[in-house]
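So you can see what is in the structure, the chains are spelled out below.
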Amino acid sequence: MPHDPTDHFVHVRGASEHNLKNVDVDLPRDAMVAFTGVSGSGKSSLAFGTLYAEAQRRYFESVAPYARRLVQQMGAPHVQEITGLPPAVALQQRRGAPSSRSSVGTLTTLSNLLRMLYSRAGTYPAGAPRLAAEAFSPNTVAGACPRCHGLGEEHDVSEELMVPDTSLSIREGAIAAWPGAWQGANLRSIVTGLGIDVDTPWRSLKAKDRQWLLFTDEQPKVFIKPERDRVDHGYYGLFWSARAHVHHVLATSKSQMMRDKAMRFVRSLPCPDCAGTGLRPDSLEVTFRGLSIAEVNALSFTELVALLRPVAELSEAAAATSMADSGEATEVAVRLCGDLVARIRVLLDLGLGYLSLGRSSTTLSPGEAQRLRIATQLRSGLFGVVYVLDEPSAGLHPADAAPLLDVLETLKGSGNSLFVVEHDLDIVRRADWVVDIGPGAGEDGGRVLYSGPVEGLEQVTDSVTGAHLFGRVEAPLRPQRAPHGWLHLRGVSRHNLEDLSWMCRCAS
Ligand SMILES: [Zn+2]
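Each value, and the rule that gives it
- Residues numbered from 1 in each chain as written.
- Predicted model: local features only at pLDDT ≥ 70, side-chain atom pairs only at ≥ 80, totals over all residues.
- Heavy atoms only, no water.
- Helix = DSSP H or I, 4+ residues; strand = E, 2+ residues; numbered from the N terminus.
- Expected span 1.5 Å × (residues − 1).
- Bend = angle between axes of the 7 residues up to and from the residue.
- Donors = N, O, S within 2.8 Å, 3.2 Å for Na, K, Ca; no water.
- Tetrahedral: all angles 85-135°; square planar, octahedral: opposite > 155°, others 65-115°.
- Pairing = 2+ DSSP bridges.
- Axes fitted to C-alpha atoms, helices over the stretch in contact; angles between N-to-C directions.
- Contact = heavy atoms within 4.5 Å.
- Salt bridge = Lys/Arg side-chain N within 4 Å of Asp/Glu carboxyl O.
- Buried < 20%, exposed > 50% of the residue type's maximum accessible area, 1.4 Å probe, protein only.

Participant: Hey, could you run me through helix α1 (residues 43–62) in this one?
Facilitator: Every α-helix winds through 3.6 residues per turn, so residues three or four apart in the chain are directed the same way. Taking 1.5 Å per residue as the helical rise, α1 with its 20 residues ought to reach 28 Å, and the 28 Å between its terminal C-alpha atoms agrees with that figure. Of all the bends in α1, the largest measures some 30° and sits at Ala53.

Participant: Would you take a moment to explain the coordination of the zinc ion for this structure?
Facilitator: Ideal geometry at a metal centre: 109.5 degrees between donors when four sit tetrahedrally, and 90 or 180 degrees when six sit octahedrally. Protein ligation of the zinc ion involves Cys145 (SG), Cys148 (SG), Cys271 (SG) and Cys274 (SG), the donor distances falling in the range 2.3 Å. In this structure, the zinc ion is surrounded by four donor atoms whose angles at the metal cover 104 to 117°, and the resulting shape is tetrahedral. Sequence positions of the residues that donate to the zinc ion give the spacing C-x2-C-x122-C-x2-C. Of this pair, Cys145 sits in the loop between α4 (110–121) and β6 (153–157) while Cys271 sits in the loop between β9 (266–270) and α10 (281–284), and the two are 126 residues apart along the sequence.

Participant: For this particular structure, what's the right way to read the sheet that holds strand β3 (residues 32–36)?
Facilitator: Backbone hydrogen bonds hold the strands of a sheet together, and the pairing may be parallel or antiparallel. One open sheet holds the six strands; their spatial order is β5-β12-β13-β3-β14-β15, and the pairing between them is mixed. With partners counted over all chains shown, the strands left at the sheet margins are β5 (88–91) and β15 (447–452), one partner each. Within this sheet the neighbouring strands show an average axis-to-axis angle of 15°, counted without direction. Strand contacts of α1: β3, β5, β12 (386–390), β13 (417–421) and β14 (433–438), with the helix running at about 135° to β5, the strand carrying the most contacts. Sheet strands in contact with helix α15 (residues 366–378) are β5 and β12, and its direction is about 145° off that of β5.

Participant: Help me understand the pattern of salt bridges in this model?
Facilitator: Pairs can form between side chains of opposite charge once their charged atoms are near each other. One pass over the full model with this rule turns up 16 salt bridges. Asp273 is the partner of Arg147 in a salt bridge, and the nearest nitrogen-oxygen pair spans 3.5 Å. Of this pair, Arg147 sits in the loop between α4 and β6 while Asp273 is found in the loop between β9 and α10, placing the two residues 126 residues apart along the sequence. Among the ionic pairs, Asp156 bridges to Arg243, the shortest N-O distance being 3.0 Å. Highlighted residues: Asp156 in strand β6 and Arg243 in helix α8 (residues 242–252), separated in sequence by 87 residues. Residue class for Asp156 comes out partly exposed when judged on its relative accessible area of 24%. One connected set of salt bridges, linked through shared partners, spans Glu54, Arg57 and Arg58.

So this is what it looks like as structure tokens:
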């Protein structure tokens, strides 16, 4: 089937990925297409497993073989032919494990703009040299705190963990971090040789001795006399403080069990030099509107917009007349703040105003991560691509669905196609086209029940989606379990929650 470029459709023939039953379907381009059906019907197999997978495969075919080897390819989908398929970008909820160093700021690329703002328009201490934008990132050599290398935390042994029960004597095992068996007996003999009583409860030992036993780097050699009735002649034993022992195990042991045990005595604390920010001290001294970049990274997007808006709204003319070539009211500051505010407003519209730039991307819910990616794509300037989305409404309050639809409309309006796997009926209603897969799940699904404008789905009697969309059934699309208990939560403060207490019915 030669492709006619004036035909604005993607033609799929013979798709049999997973449970799909040799599916033929035509999908309009430059439109929002909703893929619907019950869980397990095969709608994701068509959208992601077939269409997105084929677009990826063609992309990798077009790049040089050496580059192809660098990228882990997904297998070719089971489909006879697809024509008219544009390049695709997947905005899935989960896409690999995000690295612990990636944050909301890096994910949205807003951190780059903010660093530029601090470099170009920040207020520097008198006499301090202007720093490059990289100096405001803990992930660069120029910006990393020298003490913690940008990690913001330090790992070390803690006294409470190494001696969990201070009523025990050393002989009774007060120093839990020390080895047992022969090595433990050896250390007790050495301690006795050093004149410390191993039968005194830990808490009654002299503070100076306790500190020394746990933390010293000294390693005295002590002659251990043979016990009575023994024929050996004694030996020299080497002392290890509890910390030295833990560090030695972590640095040298190949036994995972030993290392796991040693890690039980280690905890992480904020680095004292950078207060956990990972940034070098002179970067932290640069401020914008009175705040360091670390303080700005901790603000919610709602607070951040309030901070930057007054600068963004300065007239360019007023800024130009300030003759300074740097500072908070220059043209470059107005432009950067304006850009930041415009981009953060999209995030507020998508119901993400409670997030901060510094929030680690590993703590984001899948729905939050996907909406951040959608907002970021708005700025990418790509056109002529298919965005394949996985339930973009996930985790969103129903009232926030309207702004999400506006953002999706904007992506479509810039000349892109949207293929959306979705349960939310408000989103499905706004689609230009719906592909309903079913009728059931697994072997009972995998057929196209309907493909066309949304209204037409009303006539399809065996479509569960149609039944819900046109009010033939009241129950929600997702199966619900009957609650049989109460869950009590008190004083919950995390992310966007502040000291909440509530009870809810739970089903498991
Ligand atoms: Zn540090």
